[in-house]
There are 2 protein chains.
Amino acid sequence: MVSERTSGKSGNMWMDPAGIEAESMRRIEEALGREEACAGGMKWQEPERSVVRRVIHTTADFDFAGNLFFSQDAVKKGREALAAGKPVITDTNMALAGISRPSCLKFGNAALCFMSDPQIAVRARAEGCTRAYASMGYAAEHFPDAVYAVGNAPTALFRLSEIIQSGTSAPALIIAVPVGFVNVVESKELIRKVCMEKDIPLIAAMGQKGGSPVAAAIVNALFYGIPEI
Amino acid sequence: MVSERTSGKSGNMWMDPAGIEAESMRRIEEALGREEACAGGMKWQEPERSVVRRVIHTTADFDFAGNLFFSQDAVKKGREALAAGKPVITDTNMALAGISRPSCLKFGNAALCFMSDPQIAVRARAEGCTRAYASMGYAAEHFPDAVYAVGNAPTALFRLSEIIQSGTSAPALIIAVPVGFVNVVESKELIRKVCMEKDIPLIAAMGQKGGSPVAAAIVNALFYGIPEI
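Residues numbered from 1 in each chain as written. Chains lettered and ligands numbered in written order. Predicted model: local features only at pLDDT ≥ 70, side-chain atom pairs only at ≥ 80, totals over all residues. Heavy atoms only, no water.

### Notes on the relation of the copies chain B and chain A
- For the pair chain B and chain A, the superposition axis carries a translation of 0.0 Å, the fit reaches an RMSD of 0.0 Å, and the rotation angle comes to 180°. The relationship between the two copies is best expressed as a two-fold rotation axis. Among all C-alpha atoms of chain B, that of Met-94 of chain B lies closest to the rotation axis, at 2.5 Å.
- Interface overlap between copies: 100% of the residues of chain B at the interface are likewise at the interface in chain A, consistent with a symmetric, same-surface contact. (Least-squares fit on C-alpha atoms with pLDDT ≥ 70 in both. Contact = heavy atoms within 4.5 Å.)

### Observations concerning the packing of helix α2 (residues 48-59) of chain B against helix α11 (residues 212-224) of chain B
All names here are of chain B.
- Interhelical geometry of α2 versus α11 gives an angle of 140° and a closest axis separation of 9 Å. Here α2 lies oblique to α11, going by the angle between them. The handedness of the crossing between α2 and α11 is right-handed. Judged by residue contacts, Ser-50, Val-51, Arg-54, Val-55, Thr-58 and Thr-59 of α2 engage Pro-213, Val-214, Ala-217, Ile-218, Asn-220, Ala-221, Leu-222 and Tyr-224 from α11.
- Classifying every residue of the contact of α2 with α11 gives 9 nonpolar, 4 polar and 1 charged. (Axes fitted to C-alpha atoms, helices over the stretch in contact; angles between N-to-C directions. Helix = DSSP H or I, 4+ residues; strand = E, 2+ residues; numbered from the N terminus. Parallel < 35°, antiparallel > 145°, perpendicular 65-115°, else oblique. Left-handed = near helix turned anticlockwise from the far one by under 90°. Nonpolar A, V, L, I, M, F, W, Y, C, P; charged D, E, K, R; others polar.)

### Some details on the interface of chain B and chain A
- Chain B puts 45 residues into the contact, and the matching count from chain A is 45 residues.
- Of the roughly 3500 Å² buried where chain B meets chain A, counting both sides, 74% is carbon and sulfur surface.
- Taken together, the links from chain B to chain A amount to 2 salt bridges.
- Between Lys-209 of chain B and Asp-61 of chain A there is a salt bridge, and its shortest N-O distance comes to 3.8 Å. (Buried area = accessible area lost by both parts, 1.4 Å probe. Salt bridge = Lys/Arg side-chain N within 4 Å of Asp/Glu carboxyl O.)

### Here's the deal with the pairing of strand β5 (residues 173-176) of chain B
Residue and element names in this part refer to chain B.
- Burial along β5 is two-sided: Leu-173 and Ile-175 facing one way and Ile-174 and Ala-176 facing the other are all buried.
- Summarising the sheet, strand β4 (residues 147-150) and β5 pair through 4 bridges and their orientation is parallel. Across the sheet, Val-150 pairs through a bridge with Ala-176, a residue of β5.
- Handedness of the crossover joining β4 and β5 through helix α9 (residues 154-166) is recorded here as right-handed.
- As paired elements, β5 and strand β6 (residues 202-205) share 3 bridges and run parallel to each other. Bridging from a neighbouring strand, Ile-175 pairs with Ile-203 of β6.
- For the segment spanning β5, helix α10 (residues 184-198) and β6, crossover handedness is right-handed. (Buried < 20%, exposed > 50% of the residue type's maximum accessible area, 1.4 Å probe, protein only. Pairing = 2+ DSSP bridges. Right-handed = clockwise from strand over helix to strand, strands pointing away.)

The following block contains the structure:
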């Protein structure tokens, strides 16, 4: 059944992940271009556009072309941080599973999630907070200048907001893309306000949408766009 | 900052994951109800509705209320399979990471993904296919009546379609929710045709949308709805 779909030009196109990805990106650019033509101008320039494209690739949801927010030079600064081997901290094991291992190996980045760590459960119980909240506190103590990729928990963003406001840590980049219906919008508005005040680079999906794969896709889009040396 | 938001009624509502989930589900039901009132009737009944609700909870995307497809009694049969301890096979480690461990422990289900297994890479190279395609072939040899949750790779669905057509395996349930722009729509149409012909239970997200968290959310919605004995 698959053999019927083989392509003479590119070998078995149905079995070529790199070819499929390139074709996907071409179709995304085409659709983005159509939207922009209707709106009367290009909404996203590079390097931000590379991130927008990859998030749409991950979700098939063009709403992200409207709701992504980038602070000034956030993509550039995020790439510099990753190229310098800064660790990446996530708020879910799902996001962690989505981060490109070859990229981490190439640039020497740890990729860490403390959500399942027994001591985080102990802390959360003792402090009456969520594990996500406790895990960000723990991470910031040990990795104050990491890249933080939050795809699930508003309380993770609340903790990061407190930490940034207190000045005890200055993350290299915050990726703020929780998904959902309760506290999600508010947590993103808050982290945006705090990051702007304290000049912390931020990439966020405003509104209700986001998720662990979006968080991982943004990290990967940053990795893939680091210029070869 | 978080303390300002504590609620006298439910303790610190911002720190109560169960309370937040219940409130999220209430808001989803409210929005679904509004949509249905406009359309002039209830689109989803239980038990399918519990799956629709959890997918929207995971994505904040109400498109899934339109694009989910359930074969006759798929939810009931899926729950019976999980309650009987059938293994769950995924096509990504991300989907695997999203499946409820407490539920697997409760019902004695293995949850497995072979994508990173070295022998799958060897097979894929030898056969000139994707790792997803090779991993489904391997899984079906060893776990012919498992629940298959495919959230990423159209080629995984192509392989499962071949296997089901050949009659060598009869999965307990196929969850077909890859996301993307190339081969995705076609792979879902194909597996739907094959599952209908061979009477294999199917839950699918038709169209381009889906993803690993959607696959995991569907598995979890099935788990959470298994009646207490």
